[in-house]
Amino acid sequence: MSRQALHRNEPHDDVALGSLLQRRYGTEQPQLAGTPWTDTIDTILSHRSVRSYLPVTVEAATLELAIAAAQSAPSSSNLQAWSVVAVADEQRKARINAIAGSQRQIEQAPLLLIWLADLSRLRGIAGGQQSTSHGLDYLESFLLGVIDAALAAQNAVTVLESLGLGTCYIGAIRNDPGFVARELALPDEVFPVFGLTVGYPDPSDVTGVKPRLPQAAVLHSEQYGSGDDGPDFSGYNDVLRGFQRMQRMPEIDWTEQMSRRIATKEALKNRHKLREVVKSLGFKLK
């Protein structure tokens, strides 16, 4: 069933619903007959990272709509402690891509959004009110800005994908956030949290929906619980290997891949220095 055929709060076709959930988890899922369904749910469950883009400009009106959606996300105490820089200049994008590992999606995407935890605006407002701003000096405020930026970005992703565009988060800008800050002329107390490539997907290179862990691994009731031996991820390893074969990717168990990713500080790709870098960008982090 196409997204256009779905109507808000109408029961979804059980076969189509089962197909969407099976793609998300890589295994057959329990029937949810008569479950209300919306276009938004369809968009979210169909999310995939897009790494191949057509050379088509993202319209200004589309970007403005995405930012309106981002600003509709929840914000702690309405502080709105985030900002975003839209990068379309190819040379600037290339310089940022160099520190991000020269990723294909950054090179191809016509638009790169850099999402920022932004305490600078709040600091300036307090100064204009002849007020102190000691509350911004603590780790809580930095964390608040990061959370606000993440919530805002995901709202934008949902809208962009609902309009037929593709996206891919770029955490690798944190390989050298000091460079990104200088490239974007960020003031003190503004931190680049992640990038987001935006563009129209190349239909000749369709990415599959990557299966996620089963809900039993992430959903707990009342208290965090696990068996004496911990959760069994063997089934998910098999599911992800099947996805890797389908996508012609190197096959590796998820548990092994994650273990490698966190094994050493070198695996963090220079990000083990983030505390020092964040402080160098003006954050107090008390």
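Let me sum up the structure you'll find in this document. Keep in mind it's a predicted model, so treat the numbers as computed, not measured.

**A few points about the overall build of the protein chain**
Part 1 of the reasoning: A count of helical and extended segments in the protein chain gives twelve helices and six strands.
Part 2 of the reasoning: Compactness check: the protein chain gives a C-alpha radius of gyration of 21 Å against a globular reference of 19 Å for 286 residues, within 12% of the reference.
Part 3 of the reasoning: Projected onto its principal axes, the C-alpha positions of the protein chain cover 60 × 50 × 40 Å.
Part 4 of the reasoning: Taking all 286 residues of the protein chain together, 39% fall into the buried category.
Part 5 of the reasoning: Restricting to contacts in the protein chain with at least 6 residues of sequence separation, those with at least 24 account for 76%.
Part 6 of the reasoning: With the model as given, the accessible surface of the protein chain reaches about 16200 Å², and the carbon-plus-sulfur share is 53%.
Part 7 of the reasoning: Across the protein chain, 29 positive and 32 negative side-chain charges occur, with their mean positions spaced 7 Å apart.

**Description of the nonpolar core**
Part 1 of the reasoning: Counting 51 residues, the largest nonpolar core has Ile114, Trp115, Ile170, Leu184, Phe191, Val198 and Phe283 as its most contacted members.
Part 2 of the reasoning: Contributions of two or more residues to this core are made by helix H3 (60-70), strand S3 (82-87), helix H4 (90-99), strand S4 (111-118), helix H7 (139-162), strand S5 (166-170), helix H8 (177-183) and strand S6 (190-199).
Part 3 of the reasoning: Counting residues per element, this core draws most heavily on H7, which supplies eight residues.
Part 4 of the reasoning: Ignoring any residue separated from it by four or fewer positions in sequence, one finds valine 198 in contact with Tyr53, Val58, Ala109, Pro110, Leu111, Leu113, Leu160, Leu165, Gly166 and Thr167.
Part 5 of the reasoning: With six residues, the next largest nonpolar core counts Leu20, Leu21, Tyr25 and Trp37 among its residues.

**A look at the sheet that holds S5**
Part 1 of the reasoning: Ordered in space as S3-S4-S6-S5, the four strands form an open sheet in which the pairing is antiparallel. With one partner strand each, in any of the chains shown, S3 and S5 form the two edges of the open sheet. Across this sheet, the average inter-strand angle for adjacent strands is 25°, counted without regard to direction.
Part 2 of the reasoning: Pairing analysis gives five bridges linking S5 to S6, with the strands arranged antiparallel.

**Concerning H4**
Part 1 of the reasoning: Turning to H4, its buried residues number three or more, namely Lys93, Ile96, Asn97 and Ile99. Projected onto a plane normal to the axis of H4, the buried residues spread over an arc of 160° and lie on a single side. For H4, exposure combined with an orientation more than 90 degrees from the buried face picks out Gln91 and Ala98.
Part 2 of the reasoning: Positive backbone phi, at 95°, marks glycine 101, one or two positions downstream of H4.

**Thoughts on the layout of surface pockets**
Part 1 of the reasoning: Here the largest pocket is characterised by a volume of approximately 1300 Å³.
Part 2 of the reasoning: Around the largest pocket, the lining comprises 37 residues; the ones closest to its centre are Ser49, Arg51, Cys168, Lys210 and Gln257.
Part 3 of the reasoning: Here the residues of the lining of the largest pocket sort into 15 nonpolar, twelve polar and ten charged.
Part 4 of the reasoning: Looking at the second largest pocket, its volume works out to about 330 Å³.
Part 5 of the reasoning: Along the lines of polarity and charge, the residues of the lining of the second largest pocket split into five nonpolar, seven polar and six charged.

**Concerning the environment of phenylalanine 142**
Part 1 of the reasoning: Take phenylalanine 142: it is sitting in helix H7.
Part 2 of the reasoning: Residue phenylalanine 142 is classed as buried on the basis of its relative accessible area, which comes to 13%.

**Here we look at the pattern of salt bridges**
Part 1 of the reasoning: This structure, assessed with the given rule, holds twelve salt bridges.
Part 2 of the reasoning: Residue arginine 104 pairs with aspartate 205 through a salt bridge whose shortest N-O separation is 3.8 Å. Of this pair, arginine 104 sits in helix H5 (residues 104-108) while aspartate 205 is found in the loop between S6 and helix H9 (215-218), placing the two residues 101 residues apart along the sequence.
Part 3 of the reasoning: Aspartate 205 gets classed as partly exposed once you look at its relative accessible area, which sits at 34%.

**Considering helix H10 (residues 234-246)**
Part 1 of the reasoning: The end-to-end C-alpha distance of H10 is 19 Å, a good match for the 18 Å that 13 residues give at a rise of 1.5 Å each.
Part 2 of the reasoning: Among the residues of H10, those classed as buried are Tyr236, Asn237, Val239, Leu240, Phe243 and Gln244. Down the axis of H10, the sector holding all buried residues measures 165°, keeping them to one side. Opposite its buried face, H10 presents the exposed residues Asp238, Arg245 and Met246, each directed more than 90 degrees away.

**Here's the deal with the packing of H3 against H7**
Part 1 of the reasoning: Interaxial distance between H3 and H7 falls to 7 Å at its minimum, and their mutual angle equals 135°. Judged by the angle between their axes, H3 and H7 are oblique. In the packing of H3 onto H7, the handedness of the crossing is right-handed. Contact with H3, carried on its side by Thr62, Leu65, Ala66, Ala69 and Ala70, involves Ala152, Asn155, Ala156, Val159 and Leu160 of H7 and no other residues of that element.

Cut-offs and rules
- Residues numbered from 1 in each chain as written.
- Predicted model: local features only at pLDDT ≥ 70, side-chain atom pairs only at ≥ 80, totals over all residues.
- Heavy atoms only, no water.
- Helix = DSSP H or I, 4+ residues; strand = E, 2+ residues; numbered from the N terminus.
- Rg over C-alpha atoms; globule rule 2.2 N^0.38 Å.
- Buried < 20%, exposed > 50% of the residue type's maximum accessible area, 1.4 Å probe, protein only.
- Contact = heavy atoms within 4.5 Å.
- Areas by Shrake-Rupley, 256 points an atom, 1.4 Å probe, with all protein chains shown as cover.
- Lys, Arg positive; Asp, Glu negative; His and termini not counted.
- Charge placed at Lys NZ, Arg CZ, Asp CG, Glu CD.
- Core = buried A, V, L, I, M, F, W, Y, C linked by side-chain atoms within 4.5 Å.
- Pairing = 2+ DSSP bridges.
- Axes fitted to C-alpha atoms, helices over the stretch in contact; angles between N-to-C directions.
- Arc of directions from axis to C-beta.
- 1 Å grid on protein atoms, 1.4 Å probe; cavity = no way out; pocket = protein on both sides within 12 Å on 5 of 7 lines; lining within 4 Å.
- Points joined across faces, edges and corners; volume = space filled by probe spheres on them.
- Nonpolar A, V, L, I, M, F, W, Y, C, P; charged D, E, K, R; others polar.
- Salt bridge = Lys/Arg side-chain N within 4 Å of Asp/Glu carboxyl O.
- Expected span 1.5 Å × (residues − 1).
- Parallel < 35°, antiparallel > 145°, perpendicular 65-115°, else oblique.
- Left-handed = near helix turned anticlockwise from the far one by under 90°.

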